[in-house]
Every structure is written in structure tokens, then in C-alpha cells.
Amino acid sequence: MSTLNEKRNDWIDRFGGYIILAGIVAVIAAFGVSRIRNGWGLPSLVPMGIGGSVIIGFSIAGAIRNKWFSTEASKRKALVGTNVAIMSIFAAGIFAIVGFLNNRHYERVDLTLTGKYSLSQKTKNILKNLDKSVVITTLFNPGEMFYEQISDILKEYAFHTDKLKVEQIDPLRNRTRVEELAKRLKLDDLQINTVVFECGQYSKHVQQNELIEKQYPFKFKGEEAFTEAILNVTQEKQTAIYFVTGHGERSFEDFDRGGISGIANSLKRDNCRVSPLDILSVKKVPDDCEVLVVAGPTKAYLTEELNIIRNYLEGKGKLLLMLEPALEPNAPTGFKTLMAEYGIMIRDDVVVYNKVNLPMFGLQTVAEIYVGKDEYSDHPITNDLKNFNTIIFGACSVSPAPPNDQMPYQVTELMHAPEGSWGETDVANLRQKKPENNVDVDVQGPVSLGVAAQIKELPKSVTQAHPNMANDPNAKPQGARLVVFGDVNFVSNEYADNPGNVDLLRNSISWLAKKETQLGISAKPPDLRKATINPVQMKVITWVSIAGIPVIPIILGGIVWWKRRR
């Protein structure tokens, strides 16, 4: 009998360690299966239970077999081992709780100066007001260009709304899932290195070449492309924007410095449909026009054309008017009289600024105005722009008309020129001589550069047709909306790269179209910083690198040698 017990004990001694190791492997495998299946089930719980039981059972059997608690020394060792095990369990528990809280209350802090790793305010506003579920599927191979940037930015998108579901598919290893996605989208095949956005029956495919700027400085444009895709699949109808042509206006098909093709592309990314409009040919503003844009007219509008625009505005139309810089005597376009009907004053002047100190030329007066934080007014269009500069060149002054009880439109100044500027009325001689501020003739600062107007009370036609609306405190005023700027150059390709210029126009379009959820700052440009080093500094850097750094350990070694020598 004793021989049988000895053989049993020998068996436990010989194979107990291997069995415990197998139990540990079973527990690790069970944890791995739970991560793969994204949950705990029988395939993971069964090996976890068996492995845990084996580890505990054979550990106790080994302790009893070896009489770990028979002597004082063994008791102390067991006590120390137990204490270490308990402390390890507590440490693992603390890490697990911290990880759980971090997962439930995820937060990131972007410490970069330009907010490089944060979403723009405009994207956050769109995500906050998202009312439809969107599925985003990435078909990128790990290690592909921009794979990490795409994954990181999509995590930020999902963090700001619970309406987004992000799925990542490796198209080479998960061909079955790719085929299932293609079948769901009713496509024969899908192109790899693509991000697919789905919302109901609508889908948008963003390819890899759309995520990088095609000219230097190269930048990752993921946020612009992804926000555009979300707008495309969640909005059933595009915002229809018509640009008036035929009077010398800037063209959105002109890619030169004076054209406005860049800003037109920005509007298209906001899910807008941009189209030209020759009012004299069609004799009306199209019924689907949500915003009518007049970008820098240089020739007069016929009375018939102005009447068509007037009728459009009376029918709750939306107008964005940008005037051509008055670098020569203004040719009357007819808008000065038309805008007066809506409480907007347009003057025949050029806004100049006399506090620019140019090297070798001293204090100069220029027509290029930088609008900063102190020059923006409080309005939904400009509230998010106060940390950016808008560059205005050669603008005429545009301001609200004096208050009038008979005027149903409320006009608000959007921005004004900085202190030290004025509206120069001697436009004819502006190129020949330096402008001087004539208090009796010129427009004194602060000079308004842009205004927004909307109706402040319900029109009589509405209250007469619906008398109950006249006393309804919740009734919203219905009527035209107008935004007028004294400059068109700020949206030209020459100036459109300035963030404040682009966002000013995009916010104006969103406000006019009554899509306030899309107001805000758009995606940020790359933060490129250059260090300018003169020849003297370059020599210092060279000698410090070549001679200075190697000399330091030689000097320290010499000091140590000298002390030990003594």
C-alpha cells in the first residue's frame, strides 16, 4: 500500500509542474479567445475554469506533499509567498479597475499649439447634431500609408458621437468580410485602401489619394474628407448655391490667383452643389437656389436683373454679396440702391490702414487689412473665428443704416477695420498719391467691412394670411437673409489659404442656408515651422557639435584622473 502511495506521490512530483503549466496555458488561451470573440462565452469560460482549477488544485497538492507548513521556516516562506501572491492580485485588480474607468471615461488632451490631434469645432458641431447612424469601414492594410492617422482620427470621430460605428477590415486577410460588404453595398468589387461611409441606402467611398494634399506642403486631409463624406451620406439633399455670372464676377472655374476655384472646392466638401447662373438668360432665380452668390461684379446690373434678385429675396431668398475692391472709381452696379432697401449702406471708398511700418520705407498706408480678435463682432458667423486673422484687400465700407422703425430688417456688423484705419473717398487719385485722412470727407473709423441682415418681425403678408402667428411667441421670422462684404479678394485663390478667410465664407454660407450646425472652424492646415539660422549661428552649432561635445568627457576624465593621482 505504501508503495502505491509512493508511486502516486512520485507521479505528482514528476508531472505536477507540467500540469500547472498546462493550466496556465489554458487560462491564457481562454483570455485570448474572449478578446477575439469580443465577449465571454463557453469557448472561453470552460478552459478558464478548467485551467484555474488545475492550477489551484495541483498547487495545494504540491504544498501538502512537500509539507510546506510543517516547520517554522516553511511557514514563514509560505506566509511570504502568500503575501506576495495577494499583493500581486491586488495590483492586477487596481490595474484592471483603472483600465475599466479609462475605457468608460475616455479623454484625450491635445497639447500641440495648433490642436493638431483634435477635431475642428465645425466637425464637432456636425457630429453633435448627427441624428442618423453611420457605419464607417476601413479597407486598409496595416502598415499602409496613413493607416495610423486614419485609425486615430476615426477614434476621435467615434468619441464625439454614439451615432458612428467604426469597423476595420484587413482586405487581404479577411476577404470574406470584404465580399459581404460589397454585397451589402450592391457592388461587384471594392477597391482596397478605401474608407467606406454608409447611412441607409447612401454610401461614400474615400480613397487613399483623397487623403493627401497633392502639392507641397503635403498634409493629411483626413478630417476634411471624412466630414464631407458624413455630410454626403446623412443629408439627402445638397445645398444648392448659384454664382451669378455676366457682369465681370469672379469665376469658380478660374484657377488663377484672382479666381475662386479654391473656395468653390471647399463648398463642395461641405456637400454643396455649385452652379453658374446667368439671370438675364433664365429670367429668374431657380426654385432650388438656397444661396445666391454675387462675387465681385464690375459692370452694372440691368433693372430687370435687379428686380429678379429683389423678387427672389422677397420670397425668403438668401444672398451673399461680395463687392469688387474699389481701386479705381466705382462703376455703379445697382446693388448700392438695392441693399439700402434692406438697411445696408455701401459707400464708394477704399478702407486703408496707416500703421504698417515697412523696412526701409517707414510708416506706410496700405489697403491690406488684417482683421483679428478685437475686430470681430458677436454673431454666429464670426464667433468661432476670433482666434484667426482674416485678410481683406482694398475693401469698401459696408455698414448698417441708421435705425429706422419702418425697416423690418435687423442689420448686424460682422467685423470692422482696426484702429487707425479710415475709408478713403478720393479713390481716383489713390494710386498717384499717398492717402491722407480728411475728417470732413473720409469715413472715420472704426470702419465696418461686412454685415449680416435678417428680418426682425413677421411680414404683414404672413400675419394677414395667418393672424394667429402675429401673437405666437414661438413663431420664427420668415424672410430674406443677406450677408454683404466690401471685398471679394479675401475668397480669391491668392488669399483663400488663410484659414480665417475660408471659414468666414463657409460660415456665411451655412448661416444663410440656415444650417447653423455646420458653423465653426474647418480642418487645420499643417503646422510648418522654419528655423532661420545666420552664418555665425551655423558656425557655433558646427563647432559645438564637432569639438564641444567630445571635449566634455575628455575634461571630466582628466579631472577624475588628476584626483585619483593625488
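Right above here is the structure, for reference.
Source: prediction; values computed, not measured.

A. Quick look at the packing of aromatic side chains. As enumerated under the stated definition, the model contains 8 aromatic pairs in all. Ring plane angle 75 degrees and centroid distance 5.1 Å describe the contact between Y342 and Y409, whose orientation is recorded as edge-to-face. Of the two residues, Y342 sits in the loop between α11 (335-340) and β9 (344-346) while Y409 sits in strand β15 (residues 409-416), which places them 67 residues apart along the sequence. Per residue, the accessibility class of Y342 equals that of Y409, and both read buried. Their ring planes at 55 degrees and their centres at 6.2 Å tell us that W561 and W562 sit as a pair that is tilted. We classify W561 as exposed; its relative accessible area is 53%. According to the relative accessible area criterion, W562 is partly exposed, its value standing at 43%. By way of ring pairs, the aromatic residues Y157, F197 and F226 are connected into one cluster. Across the ring face of W511, the terminal group of R481 is positioned such that the distance to the ring centre comes to 4.4 Å.

B. Quick look at helix α5 (residues 147-159). For α5, which comprises 13 residues, the first-to-last C-alpha distance of 19 Å matches the rise-based estimate of 18 Å (1.5 Å per residue) to within 8%. Along α5, the positions that sit buried rather than exposed are Y147, I150, S151, I153, L154, E156 and Y157. Considering only its buried residues, α5 is in contact with α4 (121-128), β1 (134-138), β2 (164-168), β3 (194-199) and α7 (222-234).

C. Up close: the pairing of β3. Along β3, 6 of the 6 residues are buried, which leaves the element largely enclosed by surrounding structure. Side chains T194, V196 and E198 of β3 all project onto a buried face; the interleaved residues V195, F197 and C199 project onto the opposite face, where all are buried too. Taken together, the 6 bridges between β3 and strand β4 (residues 202-207) define a ladder with antiparallel strand orientation. Bridge pairing in β4 links V196 to H205.

Reading the values: the criteria
- Residues numbered from 1 in each chain as written.
- Predicted model: local features only at pLDDT ≥ 70, side-chain atom pairs only at ≥ 80, totals over all residues.
- Heavy atoms only, no water.
- Phe/Tyr/Trp six-rings, centres within 6.5 Å; stacked < 30°, edge-to-face > 60°.
- Helix = DSSP H or I, 4+ residues; strand = E, 2+ residues; numbered from the N terminus.
- Buried < 20%, exposed > 50% of the residue type's maximum accessible area, 1.4 Å probe, protein only.
- Lys NZ or Arg CZ within 6 Å of the ring centre and 35° of its normal.
- Expected span 1.5 Å × (residues − 1).
- Contact = heavy atoms within 4.5 Å.
- Pairing = 2+ DSSP bridges.

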